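The lines below spell out each chain.
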Amino acid sequence: MKTSIILLFLIISSSMWAQTIPINGTISSKGSHEALVNALITVTDADSKYQVLSDLDGNFKMNIKKKGKYTLEAMYLGYNNLSQDLIISDENGHQIHLELTPMFTELNEVEVVADVPIVIKEDTIQISSSNYKTHEDATAGDLVTKMPGIDKDNDGNITAEGETVSKVLVDGKEFFGNDPSTAMSNLPADMIDYVQIIDEKSDQAQFTGFDDGERSKTINFVTKKDAKYAYFGKAEAGYGSDERYSAGGNLNIFKGEQRLSFIGMSNNVNQQGFMSDNLSSGSSRMRRGRGRQGGGNAGMDMSTNSNGVNTTHMLGTNYIDSWGEKWDVNASYSYKVINNETDQASTTEYIVSENSNQIVDELLDMDSHKENHNFNIRLDYEASPKTTIRIRPVIKLENGNANTYSLSNTSLKDGDDLNSSMQSNFTSTNSADINNSFLLRHKLNDNGRTIALDWKVYYHNDETFENALTNINYYGQNAENDSTAQKILGDTEKFRTSANLIFTEKLAKNLQLKLNYFQSWEQQKSDRKTYDMLDPSVEDGIFLEDLSNTFTSHQNIYRPEAGLMYKKGKINITTDLKYQYSTLFNESEYPQQSNTETTFGYLLPSVHVNYTFARTKRMRLSYQKNVSLPSVTNLQTVVDFSDPLNVSTGNPYLEGEENHVLRLNYRNFNISKKQMFFVNLSATQTDNKISNYTIIAESDTVINNVPLKKGSSYTAPINLDGYLTARGVMVFGTPINPLKTNVAFTTTGGYTRNVGITNDITSYTFDKSLGQGVKFASNISENVDFNISTQFTYHWINNDQNATLNGNYLHNNLRASLTVEPIQRLVLNTSFIGNIYTGDDNLIQDNIYKWNAAVAYKLFQKRQGEIRFTVSDILNQNRGITRTVTENYIQTSTYNIVPRYFMLSFIYRPKGKTNPKEERRRGMMGPPPGRF
């Protein structure tokens with residue numbers, strides 16, 4: 001009996017000691033009373049600390065052990081932090097309602113009260129950099145590749161959750177325009193506090209609250225508090241074997257809201273700089289033929305050429321500031337010069353028929369020079385708390401020239417030679433793009449009623465000059481030699497203006513309406529004059545009217561739109577319906593005067609569904625139909641006869657392409673285990689795709705008054721149905737704590753169906769792939785930093801009309817890098833890239849390996865200096881290989897790259913503090929993109 005009493009007493013005592021005091025509460029936005037999801041609430045006293053995240057309805061609950069005085073703190077992205085005393089005197093519990101005030105200043109004013117590895121808020125994943133260890137000199141790009149779901153390919157392109165990152169922000173502001181690589185290359189990893197991966201909504205969706213479903217993958221780097229008033233940079237100069245050199249640097253001066261950056265570089269080791277600043281429209285003349293890489297085609301490509309050996313010189317500057325309480329300014333300028341030398345060998349198999357496929361072997365040498373200027377300005381003006389104005393002019397100027405020489409031989413699959421050719425081309429171009437947008441937005445009330453006007457003006461012009469010489473030997477029964485010499489003058493001009501008027505209205509608590517009217521007017525004019533230069537007695541050549549053309553295209557678009565957004569609890573549904581009416585009027589002045597007029601009417605529906613299962617689990621499903629009208633290059637009927645083996649023309653009767661796009665995105669995070677899982681699926685079906693109608697002459701013939709020799713081709717664009725592409729990415733990432741390493745497993749799949757017509761036979765080319773990869777990223781210490789990844793991808797390629805093109809191969813992309821500091825100040829680094837192919841030799845044969853290594857010694861007391869010795873391509877096995885599969889040919893090309901070299905470099909990294917000043921408020925204007 002006594003024993004029972006004692007046991008009962010112990011049980012009661014234990015229950016009393018274990019009893020906790022519940023704290024229940026809600027957290028919402030002050031003013032709108034909108035529930036804040038995933039807000040962090042912290043309760044502390046001298047001995048204990050309790051933390052909890054709010055749920056989808058803004059509710060939270062925690063249990064504390066004893067009564068007393070506590071400090072309560074609440075944090076939410078885009079809101080001012082809340083800190084207050086909390087006195088717990090009632091053992092039955094405590095009820096709290098918290099309201100946070102929206103923060104209308106920069107993201108850099110957010111103070112985090114605790115080190116939370118991952119915070120999720122709607123379209124944003126915030127990852128703490130303190131959970132990832134990088135080496136001392138790591139950049140922002142090195143840091144993000146250690147994080148779950150983020151990867152960087154061999155060309156420096158960043159993907160997050162399987163999608164390409166299109167924009168990088170620093171503290172919510174653009175850095176050198178919209179170029180992701182600049183911030184990745186220039187921002188030191190040790191200055192970054194948090195990395196935010198954002199499915200960024202459009203400007204209109206952020207302002208109106210009406211989610212139109214448009215998303216762009218954005219990364220925002222939130223810098224540490226002590227980095228907001230600092231200067232930092234890097235200067236480097238190196239010289240090596242074979243007269244290889246590399247010099248460059250950057251300097252960044254941060255003074256709160258004011259930020260000034262300078263970058264510059266000069267090298268001949270294929271480093272092409274920080275900016276992706278090629279003109280969007282390219283040259284006026286594009287080879288529309290069979291894809292042959294020689295002749296004028298290569299010469300007219302004025303975009304940055306990653307093939308061959310490049311010598312690059314570049315200067316740039318970026319300026320960010322707030323002028324008073326009304327103006328925000330972001331401006332950048334860059335100047336770049338690229339000289340390229342390319343030696344290329346290619347083998348192309350053209351689909352004709354089972355027994356008469358043609359093989360073209362080609363050798364090409366090209367020297368090109370390109371220079372461009374890029375101006376980018378963004379001005380945000382807050383006229384009143386409810387009215388904002390954004391002005392964004394962009395100017396791009398480019399000029400360049402190219403000398404191209406090529407030799408080619410065309411034969412049948414059985415080995416019979418058809419022809420051989422020599423081509424020599426000189427091409428020069430001058431281009432200009434001028435683009436300006438004016439966006440006026442006004443809130444009519446605080447309950448979702450808004451109106452906005454978005455007006456854009458765009459102008460493009462390019463002038464081209466080309467000398468094209470060809471000498472062709474035709475074999476067989478009608479063997480002969482033929483030569484052409486042509487001078488081609490081209491002038492293309494495009495002007496477009498558009499206006500978009502948007503009105504939103506909240507119809508009910510969970511229902512919002514959007515009405516939209518869009519109208520644009522565009523004129524494209526192309527003037528092409530061709531002269532025969534074979535007769536040396538005629539200095540300026542003989543004008544060839546049949547190969548010349550003045551063509552003008554007028555396009556008008558009228559597009560009313562209505563949409564509804566329903567949002568309640570876990571689900572958000574947006575539906576939208578557009579009707580686009582387009583008119584296309586084409587005028588041709590010579591060689592024959594002709595006019596064509598076409599009208600198009602399209603219903604363009606879309607639906608977007610977002611469903612939040614839990615605060616860390618979300619799914620997004622969307623369907624969208626859009627249309628794109630043909631360009632003047634495709635519409636212009638002028639015949640391009642500069643290469644008689646590849647003759648091409650346009651088609652004034654083309655219709656617009658109709659794209660049906662389906663996307664599915666699912667992600668799930670386990671915050672406590674730092675695990676993530678996501679799936680991205682997308683599929684696009686294109687009706688009326690602008691493809692190629694190709695005739696490859698199996699005997700001498702005449703097509704549309706154009707003579708073709710046996711083996712020559714004649715190509716024109718045509719609308720075809722049947723194009724389909726789909727891709728999928730699935731990633732699971734988790735830390736391996738005993739090894740202090742993060743691992744990510746990536747499964748990929750792809751499917752592409754191309755369609756084309758060759759010799760009146762419609763054929764489909766299929767490229768299917770399935771891949772599996774794994775990546776290991778160290779998290780050991782700053783002195784041991786490694787990344788190892790491998791991705792196996794199996795390809796199936798086949799053509800439904802020609803089994804000789806069918807084949808399979810396995811591609812293994814292996815990447816590894818290691819940086820260690822075995823003894824103080826001595827740093828060793830090595831990296832390896834391997835592309836290994838196994839399968840059908842007729843598809844691809846060569847393996848590619850590149851192994852680099854460097855040894856460096858840190859100088860000065862603060863280790864800001866460095867002497868480095870580098871060996872690039874130790875095995876001397878690196879090669880350039882590209883492979884292209886289209887609707888009517890498969891091509892494999894090899895090209896020259898920078899061979900093995902040695903280099904000795906001196907590097908200095910200045911770093912220090914600037915004088916803090918009082919932060920200037922932005923007034924009541926809401927945060928710009930990437931801020932909350």
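Residues numbered from 1 in each chain as written. Predicted model: local features only at pLDDT ≥ 70, side-chain atom pairs only at ≥ 80, totals over all residues. Heavy atoms only, no water.

K.L.:
Can you explain the overall build of the chain? Please cite residues and give values.
P.N.:
The helix and strand inventory of the chain stands at 6 helices and 51 strands. Split into buried and exposed, the 932 residues of the chain put 51% on the buried side. The long-range share in the chain, meaning contacts at least 24 apart out of those at least 6 apart in sequence, stands at 67%. About 40,900 Å² of surface is accessible on the chain, with carbon and sulfur atoms providing 54% of the total. (Helix = DSSP H or I, 4+ residues; strand = E, 2+ residues; numbered from the N terminus. Buried < 20%, exposed > 50% of the residue type's maximum accessible area, 1.4 Å probe, protein only. Contact = heavy atoms within 4.5 Å. Areas by Shrake-Rupley, 256 points an atom, 1.4 Å probe, with all protein chains shown as cover.)

K.L.:
Describe the pattern of salt bridges, naming the residues involved and giving the relevant values.
P.N.:
Scanning all chains against the criterion turns up 28 salt bridges. The shortest N-O distance in the salt bridge between aspartate 199 and lysine 217 comes to 2.4 Å. A residue pair is termed long-range when its members are at least 10 positions apart, and aspartate 199 in strand E15 (residues 192–201) and lysine 217 in strand E16 (residues 215–223) qualify at 18 residues. Like lysine 217, aspartate 199 is buried. Across the pair arginine 620 and aspartate 199 runs a salt bridge, and its minimum N-O distance is 3.4 Å. Taken together, the residues span a long stretch of sequence, with arginine 620 in strand E32 (residues 617–628) and aspartate 199 in strand E15 at a distance of 421 residues. Assigned by exposure class, arginine 620 and aspartate 199 land together as buried. (Salt bridge = Lys/Arg side-chain N within 4 Å of Asp/Glu carboxyl O.)

K.L.:
Could you give me a rundown of the packing of aromatic side chains, with the residues and numbers involved?
P.N.:
Ring pairs (aromatic) are described by centroid distance and by the angle formed between their planes. Counted under the stated rule, the structure contains 17 aromatic pairs. Site record: aromatic cluster; members linked through ring pairs are Tyr611, Phe613, Tyr666 and Phe677. The ring of tyrosine 531 carries the charged tip of lysine 487 above its face, separated from the ring centre by 5.1 Å. Over the aromatic face of phenylalanine 518 sits the side chain of arginine 559, whose NZ or CZ is 4.2 Å from the ring centroid. (Phe/Tyr/Trp six-rings, centres within 6.5 Å; stacked < 30°, edge-to-face > 60°. Lys NZ or Arg CZ within 6 Å of the ring centre and 35° of its normal.)

K.L.:
Before we move on, could you go through the sheet that holds strand E7 (residues 94–100) and cite the residues and values that matter?
P.N.:
Spatial ordering of the open sheet is given by E4-E1-E7, a layout of 3 strands whose pairing is mixed. Two strands bound the open sheet, and with one partner strand each, they are strand E4 (59–64) and E7. Adjacent strand axes in the sheet meet at a mean angle of 25° when their direction is disregarded. Looking at chain direction, strand E1 (residues 21–29) and E7 are connected through 7 bridges and run parallel. Considered in E7, the bridge of isoleucine 27 is made with leucine 98. (Pairing = 2+ DSSP bridges. Axes fitted to C-alpha atoms, helices over the stretch in contact; angles between N-to-C directions.)

K.L.:
Which residues make up the nonpolar core, and what values go with them?
P.N.:
One recurring pattern in soluble globular proteins is that nonpolar side chains are buried together. Ile150, Val195, Ile219 and Phe221 are the most contacted members of the largest nonpolar core, which has 44 residues in total. Leaving out residues up to four positions away in the same chain, isoleucine 150 has contacts with Val144, Thr145, Ile158, Thr159, Ala160, Ile197, Ile219 and Lys775. Grouped together as the second largest cluster of nonpolar side chains are 22 residues, Ala39, Ile41, Leu72 and Ile88 included. (Core = buried A, V, L, I, M, F, W, Y, C linked by side-chain atoms within 4.5 Å.)

K.L.:
Describe a negative patch on the surface, naming the residues involved and giving the relevant values.
P.N.:
Residues Glu341, Asp343, Asp365 and Asp367 make up a contiguous surface patch of negative charge. One can find aspartate 365 in strand E22 (residues 358–384). (Patch = residues over 30% accessible without salt bridge, like charges linked within 9 Å, V, L, I, M, F, W, Y side chains within 5 Å. Lys, Arg positive; Asp, Glu negative; His and termini not counted. Charge placed at Lys NZ, Arg CZ, Asp CG, Glu CD.)

K.L.:
Can you lay out unusual backbone geometry for me, pointing to particular residues and giving the numbers?
P.N.:
Although it is not a glycine, asparagine 688 sits at a positive phi angle of roughly 60°. Within the secondary structure, asparagine 688 sits in the loop between strand E35 (675–687) and strand E36 (689–696). Note on asparagine 688: relative accessible area 17%, which makes it buried. Of note, the phi angle at arginine 863 is positive, near 60°, even though the residue is not glycine. Within the secondary structure, arginine 863 is located in the loop between strand E46 (848–859) and strand E47 (865–872).

K.L.:
Now, about the sheet that holds strand E12 (residues 163–164): what can you tell me, with residues and values included?
P.N.:
Spatially, 3 strands are ordered E10-E11-E12 in an open sheet, and the strand pairing comes out antiparallel. A strand with exactly one partner marks an edge of an open sheet, and here the two such strands are strand E10 (150–152) and E12. Sheet analysis places strand E11 (residues 158–160) next to E12, joined by 2 bridges and oriented antiparallel. Within E12, the residue paired with alanine 160 across the bridge is glutamate 163.

K.L.:
Quick rundown of the environment of serine 421? Include the residues and the values.
P.N.:
Structurally, serine 421 is set in strand E24 (residues 417–443). Sequence-wise, serine 421 and leucine 407 are 14 residues apart; in three dimensions their C-alpha atoms are separated by 5.8 Å. Excluding residues within four positions of it along the chain, serine 421 makes contact with Ser406, Leu407, Ser408, Asn471, Ile472 and Leu645. In terms of polar contacts, serine 421 uses its side chain to reach the side chain of serine 408, at 2.7 Å. (Polar contact = N/O pair within 3.5 Å; in protein donor to acceptor, adjacent residues only side chain to side chain.)

K.L.:
An account of the confidence of the model for the chain is needed here, citing residue identities and associated values.
P.N.:
Looking at the chain as a whole, its pLDDT mean stands at 83, while 88% of the residues score no less than 70. Below a pLDDT of 50 lies the segment residues 1–18, which in the model reaches 0 contacts outside its immediate sequence neighbourhood of four places, other chains included. Contacts for the low-pLDDT stretch residues 104–115, under 50 throughout, to residues beyond four places or in other chains number 45 contacts. (pLDDT = per-residue confidence, 0-100.)

K.L.:
Help me get a handle on the side chain of threonine 484, residues and values and all.
P.N.:
Among the secondary structure elements, threonine 484 is positioned in strand E26 (residues 480–508). Of the polar contacts made by the side chain of threonine 484, one reaches the side chain of threonine 470; its length is 2.3 Å. Beyond its immediate chain neighbours, meaning those up to four positions away, threonine 484 contacts Ala468, Leu469, Thr470, Leu534, Ser642 and Pro644.

K.L.:
Before we move on, could you go through a positive patch on the surface and cite the residues and values that matter?
P.N.:
Taken together, Lys506, Lys509, Lys567 and Lys568 make up a surface patch of like positive charges. Checked against the element boundaries, lysine 567 lands in strand E29 (residues 549–568).

K.L.:
Tell me what's going on with the environment of serine 130, and back it up with residues and numbers.
P.N.:
Here serine 130 shows up in the loop between strand E9 (124–128) and helix H2 (140–144). Placed 62 residues apart in sequence, serine 130 and isoleucine 192 show a C-alpha to C-alpha distance of 8.9 Å. Only 2.8 Å separates the side chain of serine 130 from the side chain of serine 128, close enough to count as a polar contact.

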